[in-house]
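Examination of the molecular architecture
Here's the letter readout for the chains.
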Amino acid sequence: MKRTKIDMALRGDAARGDILVKGWVRTRRDAKDFSFLEVNDGSCRANIQVVADAGTDGFSYLKDMGVGAAVAVRGELVASPGKGQRWEIRAASLTLIGKADQESYPLQKKRHSDEFLRTIAHLRPRTNKYGALFRIRSEMAFAIHEFFHDRGFAYVHSPILTASDCEGAGEMFRVTSLGPQEGGLPEDERAAKDFFGKDAYLTVSGQLAAEVFACSLGDVYTFGPTFRAEHSDTSRHAAEFWMLEPEMAFADLGDDMDLGEELLKYLTGAVLTRCAADVELFASFVDKDLPARLEGIRDRPFERLPYARAVDILAGCGKTFEYPVGFGLDLQSEHERYLTEVHFNRPVIVYDYPKEIKAFYMRQNDDGKTVAAMDVLVPGIGEIIGGSAREERLDALERRVAERGLTMDGYWWYLDLRRFGSVPHAGFGLGFERLLMLLTGVTNIRDVIPFPRTYRHLEF
């Protein structure tokens, strides 16, 4: 008999005379002549209650069906007399699929700290919180593809191995095929002997590849893992994380801001409607203000203001910040959250940043001081999207590459886009993990990615 997922069983509109479910035991309560099992298979937050009488086939194995054990239950789906549950299963047979040693199984019926659960990342998806979180992660990845597919964007698989540093920051993981015996070679000899004949790295961004395809296919996006070798151990940084990066041909900064706002409204609406039960868990146990904050993002227009105006607001607000505020200084998280949570009480898009604090590829404005860049700031997180109009003028881009001390040879193909049918184009990057932090109220990036890779941490 084919198994029924518990989510489908609980959402059924009629009793069933014969049903098979499989999952892991969350709790077991024993009486003299019968037992109750709570079984969860990960398809939803809820467990299904199983009632097994002493005469049930397989009842003798019940003693080994402790918390964490994998079981199969066949029986009758009937209306439940208990509160908070519509259906339960009257078991006809029980099968023990996999034992869980009760002396060593680390998950029991109690709340565990996030710090502890990070040490057992291979088991934490079985908890209510992390099961809900990773269902939301899955649903939001699907919603992202829906959003762009419905708007005619092509999905591009950008390379993970690269020889270029998109950001110009230099904080990249080197990839090599050479063994320890070649480690003492001079740098140029070592690179020449390596697999590609030059230094290779894990990519920090799919943007440059997206620009190539935008200048051929029009509207495109990349969505995949990116890597940064920052020696940072904060709650907001990870060495491996996922980035969504759309790119649009024949588009300017205004189009970029419109797309970013539309995307965030779409995703917050999707999580509220598709993942209501899982969001409710986070509202109950993580952040009671979460539903109102998400509804505000979905329903209210975002505030838009130039960087210079944002600096004036921060400098004149009377609040003492840890980091200084001034024109030419990048906004820090505390500044971004003040703008979104206190001054405007809504998401804010800050645009036209000083060129010195932004990447070389951002289009320079006519004032010669700023670039057509924008950051989308949201309550609880700060920056969640960073983007810009791209510099489509060859001479201006060459000047910026030289100013940053980058080599023209490394970007010859990128410069070619400006030689052969150049067009205005724009795009942005959205950190997928920061999106999940926004949608769940979780405050540590380690808790929204299945297996976190952070400074000095490479487990699982």
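Everything below is about the structure shown above.
Our subject in this report is the structure included herewith. This one's a predicted model, so the numbers in the text were calculated from it and none came from an experiment.

1. Brief notes about unusual backbone geometry
Leaving glycine aside, a negative phi is the common case for residues, and trans is the common case for peptide bonds. Even without being a glycine, Phe-250 presents a positive backbone phi close to 55 degrees. Mapped onto the elements of the fold, Phe-250 is located in the loop between strand S11 (240–249) and helix H6 (253–274). Of note in this structure, Phe-460 is not a glycine but carries a positive phi near 65 degrees. Residue placement: Phe-460 occurs in the segment after helix H13 (432–440).

2. Quick notes on the packing of aromatic side chains
Tallied over the full model, the rule gives 18 aromatic pairs. Their ring planes at 20 degrees and their centres at 4.7 Å tell us that Phe-148 and Tyr-221 sit as a pair that is stacked. Of this pair, Phe-148 sits in helix H3 (residues 128–150) while Tyr-221 sits in strand S10 (residues 219–227), and the two are 73 residues apart along the sequence. Judged on exposure class, the residue Phe-148 and its partner Tyr-221 are both buried. Ring geometry for Phe-223 and Phe-432: centres 5.1 Å apart, planes at 85 degrees, overall edge-to-face.

3. Focus on the pairing of strand S2 (residues 34–40)
By the criterion of burial, S2 is predominantly enclosed, with five of the seven residues buried. Here strand S1 (residues 16–30) runs beside S2; their pairing, made up of six bridges, is antiparallel. Among the inter-strand pairings, Trp-24 is bridged to a residue of S2, identified as Asn-40. Linkage of S1 to S2, two consecutive antiparallel strands, is achieved through a turn of three residues. Looking at chain direction, S2 and strand S3 (residues 48–53) are connected through six bridges and run antiparallel. Of the residues in S3, the one forming a bridge with Glu-38 is Gln-49.

The rules behind each value
Throughout this document, residue positions are counted from 1 along each chain, in the order its sequence is written. Given that the model is predicted, a residue must reach a pLDDT of at least 70 before its local features are reported, and side-chain atom pairs must reach 80 or more before they are shown or counted; all residues, however, enter totals for whole chains, interfaces and linings. As a convention, hydrogens and water are excluded, and side-chain values are obtained from all of the structure's heavy atoms. Put simply, DSSP marks the helices as runs of H or I at least four residues long and the strands as runs of E at least two long, and each gets a number from the N terminus on. For Phe, Tyr and Trp, where Trp contributes only its six-membered ring, two rings pair if their centres lie within 6.5 Å, and the inter-plane angle classes them as stacked under 30 degrees, edge-to-face over 60, or tilted in between. Each residue gets one of three labels from its accessible area relative to the maximum for its type: buried under 20%, exposed over 50%, partly exposed in between, using a 1.4 Å probe on protein chains only. Whether two strands pair depends on DSSP finding at least two bridges between them.

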